[in-house]
Amino acid sequence: MEEDCCATQLIYGDGEFNADGLDKFVKEVKLAECGISYAVVAIMGQSSGRSTLMNHLFQAKFREMDANSGRNQTTKGIWIAKCVGIEPCTIAMDLDLEGTDGKERGEDDTAFEKQSAIFALAVSDIVLINMYQESDKGLVQAAMNPLLEMVFQVVMHSFVPRKMTLLFVIHTKTPFENLEPVLREDIQKLWDGVPKPQAHNSTPFSDFFSVEVVTLSSYEEEEEKFKEEVAQLRQPFFHSISPGGLAGDRRGVVPASGFSFTAQQIWKVIKENKDLDLPAHKVMVATVRCEEIANRKFNQLIYDGGWLALKEAVQTGPVQGFGKRLSSILSTYLSEYDMEAIYFDEGVRNSKRQLLESKALDFVYPAYTTMLGHVHSKALEGFKVRLEELLNKREGFTSSVRTCTQSSMLEFDKGCADAAIQQANWDASRVIREKLRRDIDAHASSVCSAKLSELNVNYEKQLSASLTGPVEALLESGEKDTWASIRKLLNHETEVAVSKFSSTAVADFELDKETIAKMLQHLRDYSRNVVVKKAREEAAKIMILMKDRFSRVFNYDSDSMPRVWTEKEDIRSITKDAHSASMKLLSVMAAIRLEEKPDDIEKILFSSLMDGTVTVSSSQDRRIETSAYPLASNTWEEVSSEDTLITPVQCKSLWRQFKTETQYSITQAISAQEAYKRSNNWLPPPWAIMAMAVLAFNQFMLPRLQKKK
């Protein structure tokens, strides 16, 4: 299929820009796919033969001037066409710029002429100037003089220095070697005479332009020769953008994907009579195009199948290779951006890339933090499981925590490394790592508290078991040394528990001295409270205990045999002993004596309630003896209210109740003794029994004696 040049009018004669036509042209010739591998050639100069030259040189289809109708303008604006068969893609642009004194243009058209020239110079790499030699000298002094002056001025005012090729095509019969020096000399003189801005007063012509000169035969007179020469002229346009090629240095070239936008914006600025700042314009074009590319890539990322699948997967749990997969997805779109934006202004390109990358990273950040949350949860759960396993094996608590913490933090770091995004430099992993450490410490502290509490409970149970029974037995014995024995028991059992607990806590938990001291004091307080609690329980049932004590002493002898209330039993004495034993028990139960402090409770009770049967010797005892109401108080001297179990008033009341409730047993014993006595009163006196025995003997012996006689 024959390649089409797609000739399109770019700017109409009235100055209107054919944006739709240009977009269609770009699409048809696939210009946007060329990157910076394309060139633009503008042809200007004398209108005679210009379109003919373009059509033969580039196989375009510009409308040519009809020779029979005379010389007149043919382009009516600016046309563009693809140069058929030339690589890289080359765009030909045909302009009609005759100079300010051209026949075809009136004075009102000079503005359009200048605008067209500025536009052509702004978008072109090569400017082909079509000329006809009218004399052997002064080649650029006639109609072309104003055109070249305008070209020089526009370039100096609107461009930074860059090599632009001016290709002079001269239709002449003069030998090339005679023509070229004269042309170059005329161009230099014209350059030197053109007013320059301050910045370029000393800038040499060669900084802006590279001049090439070609001569052609007349198409009308020597058509075949003309075609041969044009074929030779066509060759330099192949690979014109290569280093040293016809297209110059191409600094600041606009990528082909931005050509349409660039052309429209340049023409808009020119039409508004604004100064054309091409470097700034290239930045603006780069800004717009790079934003378009970045936005397109971001939108593609949003709906990327791989990303959507990864996002869904991470919502339910950790994803192996998350970071690598997401980095690959991001890299794909960033690389595509780089490929499409590579030829735009570097500063703008990089800036927009950073924005795209930042926007993309912000977009995927929630999924990343979700992934880190899974890593955190997994590491924390692993810590809990491993710690429980080690503790079940009776490993030391602190060493187990240390081992499990190291394992979990290593697991977390590996998970974070797996989740890390290549393009990101986030510190979220550091923040979550610190949170993991806090959570581990919190769980370890919770387990430690639970284990220590469990340990406390175990020791408390041991203390309760070792103290409750013996203390109850000692209290119920009601002996003189009861509280001394309780103190000895309490101290011994407490110190045993404290010693064991201390060694366990230090070895397994590595607690600080202050904490250990508090826990040991807790055990001491607990063991004391066990004794106090048991003492209060026993004191609460003192009446039962006293009655039981009375019953055992009163009803059983020293061999624990039940008493038979014969007349030999001294009920008064036995009653006194039973009362004394019960009173002893009451005095023991009256107060808690866990400190070795003397008190007079027993003496007061005996002196007050046992009818003065207790000997009083000391001065304090004499005060007790002489006190009219020793039990008319709610406190015991030298005994705190906290240690008081039964107050003096309560003791008096209890004793009265006790005596009342035990009186029946005493009465029963007396009655039993009296009954015993009465049962033995029917026998005769001993002397009568002896007399009766003698009489009975005599009665028995008398018959025997009579027989012998």
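Bear in mind that the values here come from a model prediction, so they are computed numbers and not experimental data.

Brief notes about the overall build of the chain
Looking only at helices and strands, one finds 21 helices and 7 strands in the chain. Going through the 709 residues of the chain one by one, you find that 45% of them count as buried. Across the chain, contacts joining residues at least 24 apart in sequence account for 75% of those joining residues at least 6 apart. As displayed, the chain offers around 37,500 Å² of accessible surface, 51% of which is attributable to carbon and sulfur atoms.

Side note on the sheet that holds strand β2 (residues 38-45)
The strand order across the open sheet formed by 7 strands is β1-β3-β4-β2-β5-β6-β7, and the pairing between neighbours is mixed. Each edge of the open sheet is held by one strand with a lone partner, namely β1 (8-12) and β7 (209-216). If you compare each strand with its neighbour and ignore which way they point, the axes differ by 20° on average. The pairing of strand β3 (residues 77-82) with strand β4 (residues 89-94) spans 4 bridges and is classified as antiparallel.

Side note on helix α11 (residues 346-392)
Under the 1.5 Å per step criterion, the end-to-end length of α11 is 64 Å for 47 residues, consistent within 8% with the ideal 69 Å. A distance of 3.1 Å separates the backbone nitrogen of G347 from a side-chain oxygen at the start of α11, and that oxygen is part of D345. In the segment just after α11, R394 is the residue with positive phi, at about 65°.

Considering the pairing of β7
Across 8 bridges, the pairing between strand β6 (residues 164-171) and β7 is parallel. Paired with F168 across the strands is V213, a residue of β7. Handedness of the crossover joining β6 and β7 through helix α5 (residues 176-193): right-handed.

Notes on the side chain of K82
Counting through the fold element by element, K82 comes out in strand β3. Among all residues touching K82, those that are not within four sequence positions of it are E3, C5, F25, V29, F58, C89, T90 and I91.

So, the layout of surface pockets
In this model, the largest pocket occupies a volume close to 430 Å³. The wall of the largest pocket is formed by 19 residues, among which K480, K584, R593, D599 and E602 lie closest to the centre. Among the elements of the structure, α14 (482-509), α17 (571-589) and α18 (601-609) are those that each provide at least two residues to the lining of the largest pocket. In terms of residue class, the lining of the largest pocket is made up of 6 nonpolar, 1 polar and 12 charged.

Comments concerning the nonpolar core
Counting 174 residues, the largest nonpolar core has M93, F119, F152, F209, F322 and L586 as its most contacted members. No other element matches the 15 residues that α11 contributes to this core. Residue contacts for F119: discarding those within four places in its chain leaves L10, I11, F17, I78, M93, A263, I266, W267 and I270. Of all hydrophobic cores here, the second largest spans 20 residues; its members include I43, L57, F226 and V230.

Quick notes on the side chain of K196
Structurally, K196 is set in the loop between α5 and β7. We note that K196 is buried and unpaired, the nearest opposite charge coming from D192 at a distance of 5.0 Å. Of note is the side chain of K196, whose polar atom sits 2.7 Å from the backbone oxygen of W191. A polar contact is formed between the side chain of K196 and the backbone oxygen of V194, at a distance of 3.3 Å. Sequence-distant contacts of K196, defined by excluding residues within four places in its chain, comprise M156, W191 and N201.

Brief notes about the environment of K534
As for its placement among the helices and strands, K534 is situated in helix α15 (residues 513-540). Spatially, the C-alpha atom of K534 lies 9.1 Å from that of L475, the residues being 59 residues apart in sequence. The contact partners of K534, leaving out residues within four places of it in the chain, are T468, V471, E472 and L475.

Focus on empty space enclosed by the protein
In this structure the tally under the stated criterion is 2 cavities of 30 Å³ or more. Within this model, the second largest cavity holds a volume of roughly 60 Å³. Contributions of two or more residues to the lining of the second largest cavity are made by α8 (278-302), α10 (322-341) and α11. Sorting elements by how many residues they give to the lining of the second largest cavity places α11 first, with 4 residues. Class assignment of the residues belonging to the lining of the second largest cavity gives a composition of 8 nonpolar, 1 polar and 2 charged.

Considerations on helix α13 (residues 428-477)
The end-to-end C-alpha distance of α13 is 72 Å, a good match for the 74 Å that 50 residues give at a rise of 1.5 Å each. Following α13 by one or two positions, G478 has its phi on the positive side, about 60°.

Thoughts on the packing of aromatic side chains
Applying the stated criterion to the full structure yields 24 aromatic pairs. Measuring from ring centre to ring centre gives 5.6 Å for F298 and F363, while their planes differ by 75°; the resulting arrangement is edge-to-face. Of the two residues, F298 sits in helix α8 while F363 sits in helix α11, which places them 65 residues apart along the sequence. Sitting above the plane of the F298 ring, K359 keeps its charged end 4.4 Å from the centroid.

A closer look at the pattern of salt bridges
Enumeration over the complete set of coordinates arrives at 29 salt bridges. Between K451 and E454 there is a salt bridge, with the nearest N and O atoms lying 4.0 Å from each other. Residue K451 and its partner E454 are located together in helix α13, separated by 3 residues, close to a single helical turn. According to the relative accessible area criterion, K451 is partly exposed, its value standing at 29%. For E454, a relative accessible area of 44% translates into the label partly exposed. The network of salt bridges with shared partners includes E472, K534, E537, E538 and K541.

Quick notes on the environment of A517
With respect to the element layout, A517 can be found in helix α15. A residue is classified by how much of its surface remains accessible, and A517, at 43% relative accessible area, is partly exposed. The sequence separation of A517 and S502 amounts to 15 residues, and the corresponding C-alpha distance is 8.9 Å.

Procedures and definitions
- Residues numbered from 1 in each chain as written.
- Predicted model: local features only at pLDDT ≥ 70, side-chain atom pairs only at ≥ 80, totals over all residues.
- Heavy atoms only, no water.
- Helix = DSSP H or I, 4+ residues; strand = E, 2+ residues; numbered from the N terminus.
- Buried < 20%, exposed > 50% of the residue type's maximum accessible area, 1.4 Å probe, protein only.
- Contact = heavy atoms within 4.5 Å.
- Areas by Shrake-Rupley, 256 points an atom, 1.4 Å probe, with all protein chains shown as cover.
- Pairing = 2+ DSSP bridges.
- Axes fitted to C-alpha atoms, helices over the stretch in contact; angles between N-to-C directions.
- Expected span 1.5 Å × (residues − 1).
- Polar contact = N/O pair within 3.5 Å; in protein donor to acceptor, adjacent residues only side chain to side chain.
- Right-handed = clockwise from strand over helix to strand, strands pointing away.
- 1 Å grid on protein atoms, 1.4 Å probe; cavity = no way out; pocket = protein on both sides within 12 Å on 5 of 7 lines; lining within 4 Å.
- Points joined across faces, edges and corners; volume = space filled by probe spheres on them.
- Nonpolar A, V, L, I, M, F, W, Y, C, P; charged D, E, K, R; others polar.
- Core = buried A, V, L, I, M, F, W, Y, C linked by side-chain atoms within 4.5 Å.
- Lys, Arg positive; Asp, Glu negative; His and termini not counted.
- Salt bridge = Lys/Arg side-chain N within 4 Å of Asp/Glu carboxyl O.
- Phe/Tyr/Trp six-rings, centres within 6.5 Å; stacked < 30°, edge-to-face > 60°.
- Lys NZ or Arg CZ within 6 Å of the ring centre and 35° of its normal.

Note that all results are geometric; they support no functional claim without further evidence.
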